[in-house]
Amino acid sequence: MQPIDTVHQHIETDMDHYTEKNLPPLQHQWPLLSRSQFILAYLPTTASMTEQDKRKKQEEIRRAIVAQLYQDDAKYALDTHYLAFLLVKQGRGGEIVGRPYAIDHNSQQQELPYTGLEGYYAGSEQREKRPGMSREAILLEEANMGAELLKTIKKHMVEQYSWVNFAHLKHVLEGGKPDKETLNNIQAYWSMIVSRLHVRVYHNPEFEPTLTERIEELGKLLGEVAGRTEEEKHLKEALNKEYTQLRQTYAAMSQDEKEQEIHERKQREEIRASRLEEFHHFREDTYQMLANVDGGHYALDVQATSPEKTMVTETITLPELPARETYPPTYAHFTHEQLEGYLFIAQLGTIGGDPFVRSATATDELDI
């Protein structure tokens, strides 16, 4: 594959960009979280706090949880993350979704690019011995995510009487000259998408704990809460109430129901392990491809002709990949809004995930 060259021109001034702070809540994470964070998650709903304090505490906990779930990413630099994304976008996504096509209401087919996000669905796919998402379902979920984000962006632009900024955003995504405000927004929008998908594998239903798992976890938690402070006393009381109710529920079950619960728990544990193995295998294989002798390469060349004008050239080389045609076609029926959303997030990552853009837009003093 030939090197992919990207040139970023002059970026103007500072900006006060819009970001979406209320990300969808993380779910089905508890088997993966440390008990200390599990305990913290109970505190806002049990302690004597104002609603404002509860929301503040919950946001702190959410950031701590996200940080834990992202800790594996610390092994790789920003440029390596970007190369991995591009590798999936340039063709490795075919291993997850095949060769994607959109079909509109007139039954017209349109070949789709890969978004680069396909790797987050590794482990979520349906298998012969495991339920999961079809390739069409993955494409539609990406499309719906993009459509939802676009709807939010358009609504904000209308409310702020800044529809021209949306037109400029689209222009930049299509290769037009960027400005710093637009780059900041693109980076923020991309972060929103990645934050949702980074934990996608854990949102599969098997990560919801069974009744006996919940009883065991709550029993461990009760033993770890000292109950010395007023806050801990409230927490212990709430945990004990839930623990007692769950145990009563289990005691009321018939022997057949208890045996079914044991079977369900074993099945979920096996599927969880299967999903996580696939997810990490796809991820590590991607990075291994980049680490090989003929793998990925990222380089920056800076040429400054004056303090006001600086040309930065990125040279990106990716390893050889199988042609799209080697993958079976996957057809998904899209509405106009879904197609627009899918193509939007397919464009976002190339700029939003760029390590140079991410570092430059975070530095107010830097003009490019």
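No experiment lies behind these values; they were computed from the predicted model shown.

Conventions we followed
- Residues numbered from 1 in each chain as written.
- Predicted model: local features only at pLDDT ≥ 70, side-chain atom pairs only at ≥ 80, totals over all residues.
- Heavy atoms only, no water.
- Phe/Tyr/Trp six-rings, centres within 6.5 Å; stacked < 30°, edge-to-face > 60°.
- Helix = DSSP H or I, 4+ residues; strand = E, 2+ residues; numbered from the N terminus.
- Buried < 20%, exposed > 50% of the residue type's maximum accessible area, 1.4 Å probe, protein only.
- Axes fitted to C-alpha atoms, helices over the stretch in contact; angles between N-to-C directions.
- Parallel < 35°, antiparallel > 145°, perpendicular 65-115°, else oblique.
- Contact = heavy atoms within 4.5 Å.
- Nonpolar A, V, L, I, M, F, W, Y, C, P; charged D, E, K, R; others polar.
- Salt bridge = Lys/Arg side-chain N within 4 Å of Asp/Glu carboxyl O.
- Polar contact = N/O pair within 3.5 Å; in protein donor to acceptor, adjacent residues only side chain to side chain.
- Pairing = 2+ DSSP bridges.

Q: Could you give me a rundown of the packing of aromatic side chains, with the residues and numbers involved?
A: For the structure shown, the criterion picks out 5 aromatic pairs. With centroids separated by 5.2 Å and ring planes inclined at 65°, the aromatic side chains of F85 and W190 adopt a geometry described as edge-to-face. Here F85 is found in helix α3 (residues 78-92), whereas its partner W190 is found in helix α7 (residues 180-197), with 105 residues between them in sequence. Residue class for W190 comes out buried when judged on its relative accessible area of 8%. Plain terms: the ring middles of Y202 and F207 are 5.4 Å apart, the flat faces sit at 80° to each other, and that makes the pair edge-to-face. When sorted by exposure, Y202 lands in the same class as F207, which is buried. By the ring-pair criterion, three or more aromatic residues cluster together here, those being Y82, F85 and W190.

Q: Mind laying out the environment of E242, listing which residues take part and the relevant values?
A: Among the secondary structure elements, E242 is positioned in helix α9 (residues 230-251). Residue class for E242 comes out partly exposed when judged on its relative accessible area of 23%. Remark: the alpha-carbon pair of E242 and L218, spanning 24 residues in sequence, is separated by 8.1 Å.

Q: So what about the packing of helix α5 (residues 135-159) against helix α6 (residues 163-173)? Which residues, and what values?
A: Axis separation between α5 and α6 bottoms out at 7 Å; the angle between their running directions is 140°. It follows that α5 is oblique to α6 by the angle criterion. Residues L150, I153, K154, M157 and V158 of α5 pack against W163, N165, F166 and L169 of α6. In the contact of α5 with α6, the residues fall into 7 nonpolar, 1 polar and 1 charged.

Q: Could you give an account of the pattern of salt bridges, with specific residues and numbers?
A: Applying the stated criterion across every chain yields a total of 16 salt bridges. In this structure, R265 and E269 form a salt bridge, with 3.2 Å as the shortest nitrogen-oxygen distance. Taken together, the residues R265 and E269, both in helix α10 (residues 255-291) and 4 residues apart, mark about one turn of the helix. Note on R265: relative accessible area 19%, which makes it buried. Judged by its relative accessible area of 36%, E269 falls in the partly exposed class.

Q: An account of unusual backbone geometry is needed here, citing residue identities and associated values.
A: Its identity as a non-glycine residue notwithstanding, S107 has a phi of 65°, on the positive side. The residue S107 is located in the loop between β2 (99-103) and β3 (109-111) in this model.

Q: A description of the side chain of E118 should follow, citing residues and the corresponding values.
A: As for its position among the elements, E118 is in the loop between β3 and α5. Only 2.9 Å separates the side chain of E118 from the backbone nitrogen of G116, close enough to count as a polar contact. Contact partners of E118, with chain neighbours within four places excluded, come to V88, G93, I96, V97, E142 and Y342.

Q: Requested: an account of the pairing of strand β6 (residues 329-333), with residues and values cited.
A: Because side chains alternate across β6, one face comprises the buried residues T330 and A332, and the other comprises P329, Y331 and H333, none of which is buried. The sheet contact formed by β2 and β6 spans 5 bridges and is parallel. Each bridged residue has a counterpart across the sheet, and for R99 the counterpart in β6 is P329.

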